[in-house]
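These are the residues of each chain, in order.
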Amino acid sequence: MRTLEVRRLGVIPYAEALALQRALVEDRRAERVGDLLLLVEHPRVLTLGVRGDGGRGHVLASPDVLAAERVPVFESGRGGDVTYHGPGQIVGYPILDLHPDRLDVHRYVRDLEGVLIRVAADCGVAARREPGLTGVWVGQEKLAAIGVRISRWITSHGFALNVTTNLDDFQMIIPCGLTGRGVTSLERLGSAASRATVEQRIVAHFATVFDRELVSEQPKPAMGMRR
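None of the values given here were measured: they were computed from a predicted structure.

## Observations concerning the environment of Leu20
Argument step 1. Relative to the assigned elements, Leu20 resides in helix α1 (residues 14–29).
Argument step 2. What makes Leu20 partly exposed here is its relative accessible area of 26%.
Argument step 3. In sequence terms Leu20 and Leu38 are 18 residues apart; their C-alpha atoms lie 9.9 Å from each other.
Argument step 4. In this structure Leu20 touches Leu9 and Leu38, once residues within four positions along its chain are discounted.

Take a look at the structure:
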């Protein structure tokens, strides 16, 4: 069984997370590190995908409003459309080598969805997949977004699960470019699960679904190191 190291990095600016992922993808390809799962939280930010115009046409807030609100916009390099990250969200970045037996992009995305559906169930929420779409859904509302990048079968980017996220911030965009759909959070759905509990369940289910043995986790940075 292959191993998985979990790094809980606390609050980290999006630009720093992008640079870190790029470095770790190269480290993973060169086998300087094993498979990793980074768990982070970002300050408020909009991120664009690589489909079409990346989702620029689905940003509803004007540049002046975004500047006043101090919400930057980044080209992420991942699949998908525009999305929002912010406080109260758990963002997961798996850095995995899918060789030799998981060389299937669709399976990888479905497995990420499966992890988060199990996590939601542990928190008392019945979530599901939506045929033809990515992410994890409750009714017509998205609980978790998924956008990945796979370069020569090394993964980066990943998922964003709304735990206690301020859902009003999603009004700055048409989330993932989907009109007529909403967003939700574990908190709005009545779950009182703490962030620490949700992270623990993510780690446990990720290891199970991806058949990885957990190795010692890197401790979360002390307060003030990344804030």
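## Some words on empty space enclosed by the protein
Empty space among the atoms becomes visible once a probe the size of a water molecule is rolled across them.
Argument step 1. This model, assessed by the stated rule, comprises 2 cavities of 30 Å³ or more.
Argument step 2. Lining the largest cavity we find 13 residues, and of these Thr83, Lys142, Ala145, Asn162 and Phe170 sit closest to its centre.
Argument step 3. Within the residue set of the lining of the largest cavity, elements represented by two or more residues are β5 (83–85), β8 (141–151) and β9 (154–162).
Argument step 4. The element contributing the most residues to the lining of the largest cavity is β8, with 4 residues.
Argument step 5. Among the residues making up the lining of the largest cavity, the classes are represented as 9 nonpolar, 3 polar and 1 charged.
Argument step 6. For the second largest cavity, the calculated volume is near 40 Å³.
Argument step 7. Lining the second largest cavity are Trp137, Lys142, Pro175, Cys176, Leu178, Arg181, Gly182 and Val183.

## Concerning the sheet that holds β5
Argument step 1. On the basis of which strands lie adjacent, the open sheet formed by 3 strands has the order β4-β3-β5 and mixed pairing. Looking along the sheet, the strands with just one partner apiece sit at the ends: β4 (73–75) and β5. Recorded for the sheet is a direction-independent mean angle of 30 degrees between the axes of neighbouring strands.
Argument step 2. Judged from the 3 bridges that link them, strand β3 (residues 45–48) and β5 form a sheet pairing that is antiparallel. For Thr47, the partnering residue across the bridge sits in β5 and is Thr83.
Argument step 3. Where α1 meets the sheet, its contacts fall on β3, β4 and β5, and the angle it forms with β4 comes to roughly 15 degrees.

## Re the layout of surface pockets
Argument step 1. For the largest pocket, the calculated volume is near 450 Å³.
Argument step 2. Surrounding the largest pocket, 28 residues form its lining, Gly79, Gly80, Thr134, Ile146 and Gly147 being those nearest its centre.
Argument step 3. For the lining of the largest pocket, the secondary structure elements donating two or more residues are β5, β6 (89–95), α3 (105–122), β8 and β9.
Argument step 4. Here the lining of the largest pocket gets 5 residues from one element, more than from any other, and that element is β8.
Argument step 5. Residues of the lining of the largest pocket, tallied by class, amount to 14 nonpolar, 10 polar and 4 charged.
Argument step 6. Counted as a void, the second largest pocket has a volume near 190 Å³.
Argument step 7. Lining the second largest pocket are 13 residues, with Arg22, Val25, Arg149, Ser156 and His157 positioned closest to its centre.
Argument step 8. At the level of secondary structure, the elements contributing two or more residues to the lining of the second largest pocket comprise α1, β8 and β9.
Argument step 9. Broken down by class, the residue content of the lining of the second largest pocket amounts to 3 nonpolar, 6 polar and 4 charged.

Reading the values: the criteria
What you see as residue numbers is a count from 1 along each chain, following the sequence as written. A pLDDT threshold of at least 70 governs which residues receive local features in this predicted model, and a stricter bar of 80 or more applies before side-chain atom pairs are shown or counted, although totals over entire chains, interfaces and linings include all residues. Side-chain metrics in this entry use all non-hydrogen atoms of the structure; hydrogen atoms and water are not considered. In DSSP terms, a helix is any run of H or I states spanning at least four residues, a strand is any run of E spanning at least two, and both are numbered starting from the N terminus. With a 1.4 Å probe rolled over the protein chains alone, any residue whose accessible area is under 20% of its type maximum counts as buried; one over 50% counts as exposed, and the rest are partly exposed. We call two residues contacting when some pair of their heavy atoms lies within 4.5 Å. Buriedness for pockets is judged along seven lines, at least five of which must meet protein on both sides within 12 Å for an open set on the 1 Å grid over protein atoms alone, while cavities are sets there where a 1.4 Å probe fits but cannot get out, and lining residues have an atom within 4 Å of a point. Grid points are joined across faces, edges and corners, and a volume is the space filled by probe spheres set on the points. Side-chain classes follow a simple rule in which Ala, Val, Leu, Ile, Met, Phe, Trp, Tyr, Cys and Pro form the nonpolar group, Asp, Glu, Lys and Arg form the charged group, and the remainder, Gly included, forms the polar group. Criterion used throughout: strands pair if DSSP finds at least two bridges between them. Convention adopted: a line fitted to C-alpha atoms gives each axis, helices being fitted over their contacting stretch, and angles between N-to-C directions are expressed from 0 to 180 degrees.

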